[in-house]
Amino acid sequence: PYREIFDELEEKDMHRASIEQRLNLSQYRDFAKLYKFANMNQRRFLDLYFMHYEITIIKTCLRNAAGHREQRQDLSMFQDFFEKHSDLNLELLCRAKNFSEFTEALEGTVYGELLKQMQENGQPGLFDCELKLDLFYFRSLWKLRSKILSKEERKILDVCFGSRLDLLNIQWICRARNFYRLSPAEIYALLIPVHYRLRADKVRQLVEAEDEAKFYEVLKETPYGRQEELQTVRTPDIQLLSNQMLNRIYGKTGHRYPHSPAVLDSYLYRKELEMRKIITALEGIRYGLPAAEIMGLLAKQ
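All values derive from a computational prediction rather than experimental measurement.

Bringing the overall build of the protein chain into the picture now. A tally of helices and strands in the protein chain yields 17 helices and 0 strands. What you see for the protein chain is a C-alpha radius of gyration of 20 Å, in line with the 19 Å of a compact globule of 301 residues. Taken along its principal axes, the extent of the C-alpha atoms in the protein chain is 50 × 50 × 45 Å. Counting the 301 residues in the protein chain, one finds 49% classified as buried. For the protein chain, the exposed surface amounts to about 16,900 Å²; the carbon and sulfur share of it is 51%. The average position of the 46 basic charges and that of the 44 acidic charges among the side chains of the protein chain differ by 6 Å.

What follows is the structure, given as structure tokens:
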């Protein structure tokens, strides 16, 4: 399926950046095909989903602008696609050399207003900007889904998206506690303000658990704590468990409701998963890892 987008790429240009660009192009082309044949109701869902692609592009350009690095990525191959679905000016974003220019390039978009407010409150850091963009996306998607989806469609999609937000919060709490040693107040500021099956009181107990053992004890009491590994392994891999649960949830939902927006959501999720596996395999080969080790890394995704 990726043959077409790599046909014109010469071997000397086969480096990670160009390969990732072309994988993204494949993703956008798939999205455009789905959009073309979708009905009006499905298109409203895809319009909302598209914000995910916009924020990915914005964050990539923002990292270069914040680091005062020359923009290496060539976004011209995405121009036609974004002109049809987005208000972003990719050319201006690529030319931005600092945060002020970057904010100006986003003028007239919801993202520009968001970053402008941060700039007025002081010079924001890259992490703060990316976190703000992510939280804005999650809040917007959770809020707007009620306006564009029927009650039945919302119930179906909430199984996927709500679980994804809960599991992201669990992962962020775990990392913030174990790797960054953040205070509870700092952790709360990082979390997505959405609760699906992970109740607010359980979030508080996870954040404020006195040690790692207590954290996992609380986690086992949540709807996401019934995994066998979580019950038997003392310090399980939270990201691996989250990926396994999401893969099952998206797989079941897409098959069970083939005529709803859930099948679109499931396909796009699996497309991104496939792309991550390709990039992981590529990096493993690049660094000379044994094939068995690469397969082990792929199994965790």
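Ranked by size, the top nonpolar core spans 83 residues in total, and within it F31, F82, F102 and Y111 carry the most contacts. Per element, the largest residue contribution to this core is 11 residues, and it comes from helix α10 (residues 151-178). Apart from the residues lying within four places of it in its own chain, the contact partners of F102 are I58, C61, L62, A65, L93, A96 and L115. Of all hydrophobic cores here, the second largest spans 8 residues; its members include L9, I19, L23 and I279.

Attention now moves to the state of the cysteines. As enumerated under the stated definition, the model contains 0 disulfides in all. Between C61, a cysteine without a disulfide, and C94, which holds the nearest cysteine sulfur, the sulfur-to-sulfur distance is 4.5 Å.

Attention shifts here to empty space enclosed by the protein. In total, this model carries 1 cavity of 30 Å³ or more according to the counting rule given. Its boundaries defined by the atoms lining it, the largest cavity holds a volume of some 50 Å³. As for the largest cavity, its lining consists of L167, I170, L219, Y224, L230, I238, L241, S242 and M245. Breaking the lining of the largest cavity down by element, the ones donating at least two residues are α10 and α15 (238-256). Considering each element in turn, the lining of the largest cavity owes the most residues, 4 residues, to α15. Of the residues assigned to the lining of the largest cavity, the class counts are 8 nonpolar, 1 polar and no charged.

Moving on, we get to the layout of surface pockets. A probe matching the size of a water molecule, rolled over the atoms, marks out where space remains unfilled. In this model, the second largest pocket occupies a volume close to 280 Å³. Every residue lining the second largest pocket is counted, 13 residues in all, and those nearest its centre are V159, R248, I249, K252 and T253. Elements with a minimum of two residues in the lining of the second largest pocket: α10 and α15. Looking at which element gives the most residues to the lining of the second largest pocket, the answer is α15, with 6 residues. Class assignment for the residues of the lining of the second largest pocket results in 6 nonpolar, 2 polar and 5 charged.

One way to put it is that helix α3 (residues 40-49) packs onto helix α4 (residues 51-66) with a least axis distance of 4 Å and a crossing angle of 20 degrees. By the angle between their directions, the pair α3 and α4 is classed as roughly parallel. Facing D47, L48 and Y49 of α3, the residues of α4 in contact are M51, H52 and Y53. Across the contact of α3 with α4, the residue classes break down as 4 nonpolar, 1 polar and 1 charged.

Turning our eyes to something else, we now look at unusual backbone geometry. Despite not being glycine, R181 has its phi angle at roughly 50 degrees, a positive value. Relative to the helices and strands, R181 is located in the loop between α10 and α11 (184-190).

About the cut-offs
- Positions within a chain are numbered from 1, following the residues in the order the chain's sequence is written.
- Where local features are concerned, this predicted model is filtered to residues with pLDDT of at least 70; where side-chain atom pairs are given and counted, the filter is 80 or more; whole-chain, interface and lining totals use all residues.
- Here the side-chain values reflect all heavy atoms present in the structure, with hydrogen atoms and water set aside.
- Numbering of helices and strands runs from the N terminus; a helix is a DSSP stretch of H or I covering at least four residues, while a strand is a stretch of E covering at least two.
- Note on method: radius of gyration uses C-alpha positions; expected globular size equals 2.2 Å times residues raised to 0.38.
- Note on exposure labels: buried denotes an accessible area under 20% of the residue type's maximum, exposed denotes more than 50%, and partly exposed covers the range between, all computed with a 1.4 Å probe on protein chains only.
- Each accessible area is a Shrake-Rupley result for a 1.4 Å probe, and residues are judged covered by the shown protein chains and nothing else.
- For the purpose of counting charges, residues Lys and Arg are taken to be positive, whereas Asp and Glu are taken to be negative. His and the chain ends are not included.
- To locate a charge, the coordinates of NZ of Lys, CZ of Arg, CG of Asp or CD of Glu are taken.
- The definition of a nonpolar core used throughout is a set of buried Ala, Val, Leu, Ile, Met, Phe, Trp, Tyr and Cys residues joined through side-chain atoms within 4.5 Å.
- Should any heavy atoms of two residues lie within 4.5 Å, those residues are considered in contact.
- Throughout, a disulfide means two cysteine sulfur atoms within 2.5 Å of one another.
- Think of a 1 Å grid over the protein atoms and nothing else: a 1.4 Å probe that fits but is trapped marks a cavity, an open set flanked by protein within 12 Å on at least five of seven lines marks a pocket, and residues with an atom within 4 Å of a point count as lining.
- Grid points are joined across faces, edges and corners, and a volume is the space filled by probe spheres set on the points.
- Side-chain classes follow a simple rule in which Ala, Val, Leu, Ile, Met, Phe, Trp, Tyr, Cys and Pro form the nonpolar group, Asp, Glu, Lys and Arg form the charged group, and the remainder, Gly included, forms the polar group.
- Lines fitted to the C-alpha atoms define the axes, with helices restricted to the stretch that makes contact. Angles between their N-to-C directions range from 0 to 180 degrees.
- Each angle is binned into one of four classes, with values under 35 degrees roughly parallel, values over 145 roughly antiparallel, values of 65 to 115 roughly perpendicular, and all other values oblique.

Limitation: the analysis is restricted to geometry and does not speak to function.
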